[in-house]
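# Residue-level structure breakdown
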Amino acid sequence: MSDVEDSSVIPGLGDLRAWRDDIDADAPPTQSVTPGLGNWDDAQVADRPMGAARLPDDQPPPPPGVPFGEHLKAFANLKLDGALVLARPEDRRGLMLETIAVLGISLGASAVWAILNIIDSLTMGPPLSQQETTINQSVTPDRPWLDLGYQMYHVVFPLMAVLVVFYLLANVRRPDGAPFRIMGITLANLPRDAALGVALTAIIGIPGLGLYALARVFGLNLNVVPTNLSAYWWTIPVLILLAAMNGILEEVVMVGYLFTRWTQLAWGPWKVILVSALIRGTYHLYQGFGGFIGNAIMGVIFGWVYMRTKRVLPLVIAHFLLDFISFVGYSLLKGVWPWL
């Protein structure tokens, strides 16, 4: 053996090797790591295909999701617009009477008429499902020009209530920037308002058809005929104007005006939404209980959207589109699909 191979020739080499052996004996066994395969359990290596993911125990736990209750709480959390509230009781005096008067000359009167109409239908004898109601009726079908005059009357004069509420908001207990600013009516918002209006049309319209069908099956609704106007040159334009009138009247009065006044009276957001939705459903009772429920739900959704956005135009656009599809679609298709 040479001097180099004999460890005793190099002073301290034997001690160094003994110290290294002690370190290796105390260290944990190493595992080979293959890129893309993670740390494998040696007992399961043979059962795992190449490129397999890490073992389940190696995966970090997924972050906990947001509980459904938190989503519901966030949905329902509507804050009172303190800037609108009239702090002094004397400033609030007369506003409730004003809102009652406005409803009395517009949609509140329609609600009373609808209640009388549903009582009439319930006491008439035949089940509701065997009765029929028409929304846009021809008055003098044998004299089309006179009938056109009647239809334009129904378009123009209901909008007088809209002029009244705009005047009141501009001159009586005027909120800041009323009435256009308080309702978010600006040309700059028109593209977004139109997009939101189309989305609301789908959200309300598709389930609404299903609700109407269920109400008819269970005998809770009359057969609602959107229009019986004869096919004149002015029929489609008049139906479009009627759809626009409904959207403007209902959303400006029931949402833009009443939400402003009732907030000034320090009503809570959900009290405002629910009372308005209840009135909305009531003046549709002439269609039956399905019409009441469907329009009340629509009022809640529209009210929530308005409280979140403070813009009335998306509601006007959605309401117009819903009535446009109903009125014009029925008028065009009733000859093609007799079951309508």
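All of the points below concern the structure found in this document. Here the structure is a predicted model, which is why all the values come from computation and not from measurement. (Residues numbered from 1 in each chain as written. Predicted model: local features only at pLDDT ≥ 70, side-chain atom pairs only at ≥ 80, totals over all residues. Heavy atoms only, no water.)

## A look at the environment of histidine 154
Heads up, the condition is: Counting from the N terminus, the helices are the DSSP runs of H or I reaching at least four residues and the strands are the DSSP runs of E reaching at least two. Partly exposed describes any residue whose relative accessible area lies between the buried limit of under 20% and the exposed limit of over 50%, with all areas from a 1.4 Å probe on protein chains only and scaled to the type maximum. Here a residue-residue contact requires only that any non-hydrogen atoms of the pair lie within 4.5 Å.
Relative to the elements of secondary structure, histidine 154 occurs in helix α6 (residues 144-156). Overall, the relative accessible area of 36% leaves histidine 154 in the partly exposed class. Residues histidine 154 and leucine 241 lie 87 residues apart in sequence; the distance between their C-alpha atoms is 9.7 Å. Beyond its immediate sequence surroundings of up to four residues, histidine 154 is in contact with Leu242 and Met245.

## Looking at the packing of helix α9 (residues 235-264) against helix α10 (residues 269-282)
Definition in use: Each axis is a line fitted through C-alpha atoms, taken for helices only over the stretch in contact, and angles between the N-to-C directions span 0 to 180 degrees. Note on angle classes: values under 35 degrees are labelled roughly parallel, values over 145 roughly antiparallel, values of 65 to 115 roughly perpendicular, and the remainder oblique. Less than a right angle of anticlockwise turn of the near helix away from the far helix marks a crossing as left-handed, whereas a clockwise turn marks it as right-handed.
In contact at an axis separation of 10 Å, α9 and α10 are set at 150° when each is read in the N-to-C sense. Classified by the angle between their axes, α9 and α10 sit roughly antiparallel to one another. When you trace α9 past α10, the crossing you get is right-handed. Contacts between α9 and α10 pair Glu250, Glu251, Met254, Val255, Phe259 and Trp262 from the former with Val272, Ile273, Val275, Ser276, Ile279 and Arg280 from the latter.

## What about the pattern of salt bridges?
Any two side chains of opposite charge can pair, given that their charged atoms come close. Keep this limit in mind: Just to be clear on terms, a salt bridge is a Lys or Arg side-chain nitrogen sitting within 4 Å of an Asp or Glu carboxyl oxygen.
One pass over the structure, following the stated rule, counts eight salt bridges. Note that aspartate 91 is salt-bridged to arginine 88, the shortest N-O span being 2.9 Å. With relative accessibility at 21%, the residue aspartate 91 sits in the partly exposed group. Linking glutamate 250 and arginine 280 is a salt bridge whose minimum nitrogen-to-oxygen distance equals 3.8 Å. Here glutamate 250 is found in helix α9, whereas its partner arginine 280 is found in helix α10, with 30 residues between them in sequence. The class of arginine 280 is buried, set by a relative accessible area of 0%. Taken together, the salt bridges that share partners define one network made up of Arg88, Glu90 and Asp91.

## Some thoughts on the packing of aromatic side chains
As a reminder, the rule being used: Here a Phe, Tyr or Trp ring, Trp counted by its six-membered ring, pairs with any other such ring whose centre lies within 6.5 Å, and the pair is stacked when the planes are under 30 degrees apart, edge-to-face when over 60, and tilted otherwise. Note on geometry: a ring has a charge over it if NZ (lysine) or CZ (arginine) is within 6 Å of the ring centre and within 35 degrees of the ring normal.
Throughout the structure, instances matching the rule amount to eight aromatic pairs. Taken together, a centroid distance of 5.8 Å and an interplanar angle of 55° make the contact between tryptophan 145 and tryptophan 233 tilted. Remark: tryptophan 233 occurs in the loop between β2 (223-227) and α9 and tryptophan 145 occurs in helix α6; sequence separation between them is 88 residues. A relative accessible area of 62% means that tryptophan 145 is categorised as exposed. The class for tryptophan 233 is exposed, based on a relative accessible area of 61%. Here lysine 271 stacks its cationic end above the ring of tryptophan 267, 4.2 Å away from the centre of that ring.

## Overview of the side chain of glutamine 151
Turning to its location among the elements, glutamine 151 is positioned in helix α6. By relative accessible area, which is 2% here, glutamine 151 ends up buried. Non-local contacts of glutamine 151, meaning those with residues more than four positions away in its chain, are made with Gln137, Ser138, Val139, Leu229, Trp234, Val238 and Leu242.

## Remarks on unusual backbone geometry
That bond from alanine 178 to proline 179 is cis: its omega, -5°, falls within 30 degrees of zero. A positive phi angle, near 45°, is found at arginine 173, a position not held by glycine. Structurally, the position occupied by arginine 173 is in the loop between α7 (160-171) and α8 (190-217). Looking at arginine 173, the relative accessible area reads 35%, which means it is partly exposed. Phi at alanine 266 is positive, roughly 70°, even though this residue is not glycine. Inspection of the secondary structure puts alanine 266 in the loop between α9 and α10.

Everything listed here is a matter of geometry and, on its own, says nothing about what the molecule does.
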